[in-house]
Amino acid sequence: LLAELDARGLTDNTLIVFTSDHGEYMGDHHMVEKELFYEQAIHVPLIMSMPGRIPAGAVIDGFVETVDLLPTFMEAAGLPAPAAADGRSLFPLVDGTAASWRQEVFAEWDFQYYHVRRQLGLRPDQCKAVMIRNRRWKYVHYSDQPCELYDLENDPDEFRNVADDPAHMDVRIGLLRQILDWRMRSE
């Protein structure tokens, strides 16, 4: 595909993106597949190339979400992103012109169709989870299930859930408020 773009002279005017919608555990946390919000499932590759627009070899350490791809594609095509698009074009992040950038990412999981719902004896409406992750903390709020809070600085492998630790209740409540604000903006 890349050779064909070169042969047709389209490489310099083509945005190429390599990414995935989720990672795989492959034994991490004694699991396989992708469910839950451990780093191995949510931290996915995002490699972009567009000569003249994206510096070769640049590594950006900003938080991005899948919803940022549509506005990025639209900008690369010279078109405005739809007003209803949740994300932001990644070009300002990549070229350093972004006045500010998100300080956290969010993800949702509806597990009503998974076998675990029956194992836990849950109704379909009880099978929702929302995650917020910033540089230090990751909080996962489940409907009708115990929640998770990880201090990624002190527990980068996410083995010590401190959600019920009174010493971290202010952090948990603050992250829960951010989830609520995000849900209200994105519903």
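What comes next concerns the included structure. (Residues numbered from 1 in each chain as written. Predicted model: local features only at pLDDT ≥ 70, side-chain atom pairs only at ≥ 80, totals over all residues. Heavy atoms only, no water.)

1. Some words on the overall build of the protein chain
Now for step 1: Broken down by element type, the protein chain carries 6 helices and 6 strands.
Now for step 2: The order of α-helices and β-strands along the protein chain, N terminus first, is α-β-α-β-α-α-β-α-β-β-β-α.
Now for step 3: Expressed as a percentage of its 187 residues, the buried residues of the protein chain come to 35%. (Helix = DSSP H or I, 4+ residues; strand = E, 2+ residues; numbered from the N terminus. Buried < 20%, exposed > 50% of the residue type's maximum accessible area, 1.4 Å probe, protein only.)

2. A few points about helix α6 (residues 169-186)
Now for step 1: Spanning 18 residues, α6 covers 25 Å between terminal C-alpha atoms, matching the ideal 26 Å at 1.5 Å per step.
Now for step 2: When α6 is considered as a whole, its buried residues turn out to be R172, L175, I179 and W182. Taken end-on, α6 shows its buried residues confined to a sector of 85°, consistent with a single buried face. Among the exposed residues of α6, those pointing more than 90 degrees away from its buried face are D170, R177, M184 and R185. (Expected span 1.5 Å × (residues − 1). Arc of directions from axis to C-beta.)

3. Some words on the packing of aromatic side chains
Now for step 1: Under the counting rule described, the total for this entry stands at 2 aromatic pairs.
Now for step 2: Between the aromatic rings of F106 and W182, the centroid separation amounts to 4.6 Å while the plane-to-plane angle is 0°, which identifies the pairing as stacked. Of this pair, F106 sits in strand β3 (residues 104-110) while W182 sits in helix α6, and the two are 76 residues apart along the sequence. Considered together, F106 and W182 belong to a single accessibility category, that of buried residues.
Now for step 3: Each ring, one from W109 and one from F111, has its centre 4.7 Å from the other, and the planes form 35°; the classification is tilted. In terms of burial, W109 and F111 fall into one category: buried.
Now for step 4: In this structure, R53 packs its charged tip against the face of F91, placed 3.9 Å from the ring centre.
Now for step 5: Against the face of F63 rests R135, its NZ or CZ located 4.4 Å from the ring centre. (Phe/Tyr/Trp six-rings, centres within 6.5 Å; stacked < 30°, edge-to-face > 60°. Lys NZ or Arg CZ within 6 Å of the ring centre and 35° of its normal.)

4. Comments concerning the sheet that holds strand β5 (residues 137-142)
By definition, the strands of a sheet pair up through backbone hydrogen bonds, in either a parallel or an antiparallel sense.
Now for step 1: Taken in spatial order, the 4 strands line up as β3-β4-β5-β6 in an open sheet, and their pairing is antiparallel. Edge strands, defined here as strands with exactly one partner in the open sheet, are β3 and β6 (148-151). On average, each strand axis in the sheet is tilted by 10° relative to the strand beside it, whichever way the strands run.
Now for step 2: Alignment of β5 against β6, held across 4 bridges, turns out to be antiparallel. Looking at β6, one finds that K138 is bridged to Y150.
Now for step 3: Where α6 meets the sheet, its contacts fall on β3, β4 (128-134), β5 and β6, and the angle it forms with β5 comes to roughly 65°. (Pairing = 2+ DSSP bridges. Axes fitted to C-alpha atoms, helices over the stretch in contact; angles between N-to-C directions. Contact = heavy atoms within 4.5 Å.)

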